[in-house]
Amino acid sequence: MKDDQRTKLTKRLLREALLLLLEKNDINKIAVTQLCQQAGINRATFYRHYSQPKDILSEIRHEMITDIKNMAIKDKAKDNPMTWLNDVCLYFYNNANNMIILIKCRSDSQFIELINEIYLSDITKLKVNFNNIDSSDFKLITYYYAGGIYYILSQWLTEPINKTPEEIANLIGKLILKNY
């Protein structure tokens, strides 16, 4: 139990330090020594958990993608795409620091792929909005929407856009349902 708490604390300190360092540096220019100094831990502790600073990004991305996939599975039972959008917007809002790290390190493509995968598999009921199109066109359209959803979320989190998670979910929902 005590080791688990130490691991969580160490990883939290490293994530926070990485976020601070990313404000001034590219991920490729952040040295382990610099990261450890910022986090207040020694190099041996860092290497117990990671081999390079990019590993922290991979872990954050993996955790967030797993959480979002689990939300999609949970919300699928409710049979309402807006439930998933609300949950995702709230999740990103509550995890803004981690999302900002990923945005700054250009981890967009994996999130766009995730949104598109969920959109294709779980929200395809919305296909009725696209009459008489073939499956390849529909796939391209879903990538268009997935990219748009991702960029709305990333701008909302990184710019001073004063909207609640619910307002952002409603905006995305209106765009998807062609109500704008």
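Residue numbers run consecutively from 1 along every chain, following the written order of its sequence. Local features in this predicted model are restricted to residues of pLDDT 70 or higher, and side-chain atom pairs are both shown and tallied only at a pLDDT of 80 or more, whereas totals for entire chains, interfaces and linings draw on every residue. Side-chain measures here rest on the full set of heavy atoms in the structure, leaving out hydrogens and waters.

Draft legend 1. Layout of the packing of helix 5 (residues 81-94) against helix 8 (residues 135-158). Put simply, helix 5 and helix 8 touch, their axes get as near as 10 Å, and they point 35° apart. Where helix 5 crosses over helix 8, the handedness of that crossing is right-handed. Along its contact with helix 5, which presents Val 88, Cys 89, Phe 92 and Tyr 93, the element helix 8 presents Leu 153, Trp 156 and Leu 157. Among the residues making up the contact of helix 5 with helix 8, the classes are represented as seven nonpolar, no polar and no charged. A fitted line through C-alpha atoms represents every axis, and for helices the fit uses only the stretch in contact; the resulting angles, taken between N-to-C directions, go from 0 to 180 degrees. A helix here means a DSSP run of H or I that spans at least four residues, while a strand means a run of E at least two residues long, and both kinds are numbered starting from the N terminus. Note on convention: the crossing is left-handed when the near helix lies turned anticlockwise from the far helix by less than a right angle, right-handed when the turn is clockwise. We call two residues in contact whenever any of their non-hydrogen atoms come within 4.5 Å of each other. The nonpolar class holds Ala, Val, Leu, Ile, Met, Phe, Trp, Tyr, Cys and Pro. Asp, Glu, Lys and Arg form the charged class, and all remaining residues, Gly among them, are polar.

Draft legend 2. Region of the structure containing the side chain of Thr 10. Mapping Thr 10 onto the fold places it in helix 1 (residues 2-22). Among the residues examined, Thr 10 registers a relative accessible area of 11% and is labelled buried. Partly exposed residues are those whose accessible area sits between 20% and 50% of the maximum for their type, while under 20% is buried and over 50% is exposed, using a 1.4 Å probe and protein chains only.

Draft legend 3. Geometry of helix 2 (residues 32-39). Within helix 2, burial applies to Val 32, Leu 35, Cys 36 and Ala 39. Each buried residue of helix 2 sits inside an arc of 100° when the element is viewed along its axis, so together they form one side. Phi for Gly 40, located one or two positions after helix 2, is positive at around 75°. Note that the arc is defined by the directions from the helix axis to the C-beta atoms.

Draft legend 4. Expanded view of the pattern of salt bridges. We count a salt bridge whenever a side-chain nitrogen from Lys or Arg sits within 4 Å of a carboxyl oxygen from Asp or Glu. Across all of its chains, the model carries five salt bridges by this definition. Across the pair Lys 8 and Asp 4 runs a salt bridge, and its minimum N-O distance is 3.7 Å. Taken as a pair, Lys 8 and Asp 4 lie in helix 1 at a separation of four residues, close to a single helical turn. Asp 4 sits in the partly exposed class, given a relative accessible area of 39%. Between Glu 59 and Lys 11 there is a salt bridge, with the nearest N and O atoms lying 2.8 Å from each other. Residue Glu 59 is located in helix 4 (residues 53-76), and its partner Lys 11 is located in helix 1; the two are separated by 48 residues in the primary sequence. For Lys 11, a relative accessible area of 22% translates into the label partly exposed. Connected via shared salt-bridge partners are Lys 11, Arg 15, Glu 59 and Glu 63.

Draft legend 5. Geometry of the packing of aromatic side chains. Each pair of aromatic rings taken from Phe, Tyr and Trp, with Trp reduced to its six-membered ring, is defined by centres within 6.5 Å and is described as stacked if the planes are under 30 degrees apart, edge-to-face if over 60, and tilted in the remaining cases. Under the definition given, this model contains six aromatic pairs. Their ring planes at 40° and their centres at 5.7 Å tell us that Phe 46 and Tyr 50 sit as a pair that is tilted. Tyr 50 matches Phe 46 in its accessibility class, with the two residues each being buried. Among the aromatic residues, those joined into a cluster by ring pairs are Phe 46, Tyr 47 and Tyr 50.

Draft legend 6. Inspection of the environment of Arg 12 at higher detail. Its location among the elements puts Arg 12 in helix 1. Residue classification places Arg 12 among the partly exposed residues on the basis of a relative accessible area of 43%. Sequence spacing of Arg 12 and Ala 39 is 27 residues, and the spatial spacing of their C-alpha atoms is 9.0 Å.

Draft legend 7. How the structure looks around the nonpolar core. With 51 residues, the main nonpolar core has Leu 18, Leu 35, Phe 46, Phe 92 and Leu 153 as its most contacted residues. It is helix 4 that contributes the most residues to this core, eight residues altogether. The contacts of Leu 153, once residues within four sequence positions are left out, are Val 88, Cys 89, Phe 92, Ile 168 and Ile 172. Take the buried residues of types Ala, Val, Leu, Ile, Met, Phe, Trp, Tyr and Cys, join any two whose side-chain atoms come within 4.5 Å, and each joined set is a nonpolar core.

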